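Observations on chain architecture
Read off the chains here:
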Amino acid sequence: MTKPVTVGVVGLGYWGPNLARNFAALDDCELRWCCDASPERAGRAPQGARVTTELGDLLSDPELDAVVLATDVPSHARLATEVLRAGKHCFVEKPLAQSAQEAAAVAEEAAASDRVLMVGHLLEYHPGVAKLKEIVESGQLGDVRYVYSNRLNLGQIRDQENALWSLGAHDISVLLHLFDGEEPDEAVAHGRSFMREGVEDVVFCYLHFPSGRIAHMHLSWLDPHKERRFTVVGQKRMATFDDMALERKVTIYDKGFDPDYRNYGEYITRSGDVTSPHVSNEEPLRIECRHFVDSVRAGSEPRSGAASGLRAVRVLEALQRSLDAGGTPQRLQIAGPAA
């Protein structure tokens with residue numbers, strides 16, 4: 001019988017218990033430790049896991065293979081570096097760091113220690129996003145012209161992360177995933193702080209890519225609608241991924257403009273079939289956790305590995321610069337598509 005991958009989860013606040021639950025449920029994984037600085041939160045650990053308030057207990061355990069970090073964002077880079085230096089594989093919730101410099105340092109540490117580093121870009125593991133990417137890659141939509149996303153809700157108000165870093169990290173990871181790692185060369189962001197000074201509740205983002213594609217993101221926790229939607233507009237067809245839909249999470253629209261051969265240079269509107277392919281209802285977090293365990297076991301690069309995490313932070317950082325500068329466009333140094 002194959003020895004299970006042993007995992008410890010650090011941070012049992014909002015998201016950590018969900019990670020702990022999923023790792024505990026995997027057949028080839030043992031949830032060995034749960035850690036939180038608060039004894040009360042540490043008590044949320046699933047039955048059977050060892051409980052501690054000290055990260056050092058996990059790092060000094062020779063039987064522990066990997067550490068999962070679900071702590072506050074400012075601690076991500078520092079704690080991930082500690083974990084990797086201790087010889088443990090590391091899963092860290094998004095974003096990897098608060099700056100590209102920090103993210104690059106963590107990526108270098110992972111390479112130096114020869115350990116798996118994976119960033120919790122959850123939507124990259126969503127069956128709906130996987131189906132959307134499959135549709136884009138199949139050529140059904142033709143050349144992609146633009147993508148826009150809405151990630152909106154009323155609450156939860158944050159006091160450290162603004163809407164860009166809290167909500168935008170999800171959508172940026174999906175955009176880069178859909179575009180095979182192509183990074184934008186220009187970023188623009190506008191936002192306002194209504195509830196807490198200095199923490200933008202609503203942000204509008206624009207990204208331009210070297211291929212000519214563009215993307216727009218509307219991010220807000222101050223909105224009457226709860227939306228989690230991506231729309232991809234292609235040369236031939238269009239498609240949407242709606243995470244709030246109970247059914248028909250992915251829809252393809254045979255809509256667009258065709259040349260009117262009766263009048264040179266003119267176009268006619270086409271409105272054809274609307275189809276909805278089957279999408280698995282497996283929990284995305286379970287898929288993500290299993291992918292991390294499989295990557296640790298194989299010693300392979302995860303889908304949302306160090307390079308993916310660094311790309312996302314580079315874009316977030318450029319958008320934040322634009323936000324701070326009142327919407328002034330920011331140029332990015334293009335690192336090229338994913339290897």
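This report concerns the structure included in the present document. (Residues numbered from 1 in each chain as written. Predicted model: local features only at pLDDT ≥ 70, side-chain atom pairs only at ≥ 80, totals over all residues. Heavy atoms only, no water.)

Before going further, it helps to examine the sheet that holds strand β11 (residues 222-234). The strands that make up a sheet are held in pairs by hydrogen bonds between backbone atoms, and each pair lies either parallel or antiparallel. Pairing within the open sheet is mixed, and its nine strands lie in the order β14-β13-β12-β11-β7-β10-β9-β8-β15. Sheet topology places β14 (267-275) and β15 (330-331) at the edges, where each strand pairs with a single neighbour. Sheet topology places strand β7 (residues 144-154) next to β11; nine bridges connect them, and they run antiparallel. Pairing of leucine 154 across the sheet is with leucine 222, part of β11. Taken strand by strand, helix α7 (residues 163-178) contacts β7, β9 (202-208), β10 (214-220) and β11, and its axis lies near 150° from that of β10. Strands β8 (186-192), β9, β10 and β15 of the sheet are contacted by helix α9 (residues 306-324), whose axis makes an angle of about 55° with β8. (Pairing = 2+ DSSP bridges. Helix = DSSP H or I, 4+ residues; strand = E, 2+ residues; numbered from the N terminus. Contact = heavy atoms within 4.5 Å. Axes fitted to C-alpha atoms, helices over the stretch in contact; angles between N-to-C directions.)

So, about the sheet that holds strand β6 (residues 117-120). With respect to topology, six strands assemble into an open sheet ordered β3-β2-β1-β4-β5-β6, the strand pairing being parallel. At either margin of the open sheet sits one strand with a lone partner, and together these are β3 (50-52) and β6. Averaged over all adjacent pairs, the angle separating strand axes in this sheet is 20°, with direction ignored.

Quick look at the packing of helix α6 (residues 127-138) against α7 now. Packing of α6 against α7 brings their axes to within 10 Å, and their N-to-C directions diverge by 30°. The orientation of α6 relative to α7 falls into the category roughly parallel. In this structure, the crossing between α6 and α7 has a hand that is right-handed. Taking contact as the criterion, the partners of Val129, Leu132, Lys133 and Val136 in α6 are, on α7, Val174, His177 and Leu178. Along the lines of polarity and charge, the residues of the contact of α6 with α7 split into five nonpolar, one polar and one charged. (Parallel < 35°, antiparallel > 145°, perpendicular 65-115°, else oblique. Left-handed = near helix turned anticlockwise from the far one by under 90°. Nonpolar A, V, L, I, M, F, W, Y, C, P; charged D, E, K, R; others polar.)

With 12 residues, α6 extends 16 Å from end C-alpha to end C-alpha; this agrees with the ideal 16 Å at 1.5 Å per step. Within the span of α6, buried status applies to Pro127, Gly128, Val129, Lys131, Leu132, Lys133, Ile135 and Val136. Taken together, the buried residues of α6 touch β7, α7, β11, β12 (238-242), β13 (250-259) and α8 (284-298). Positive phi appears at glycine 139, one or two residues downstream of α6, with a value of about 90°. (Expected span 1.5 Å × (residues − 1). Buried < 20%, exposed > 50% of the residue type's maximum accessible area, 1.4 Å probe, protein only.)

With that settled, the discussion passes to the pattern of salt bridges. Under the defined criterion, the tally for this structure stands at 19 salt bridges. Between arginine 85 and glutamate 109 there is a salt bridge; the shortest N-O distance is 3.2 Å. In this pair, arginine 85 sits in helix α4 (residues 76-85) while glutamate 109 sits in helix α5 (residues 100-113), placing the two residues 24 residues apart along the sequence. (Salt bridge = Lys/Arg side-chain N within 4 Å of Asp/Glu carboxyl O.)

None of this, on its own, says anything about what the molecule does.
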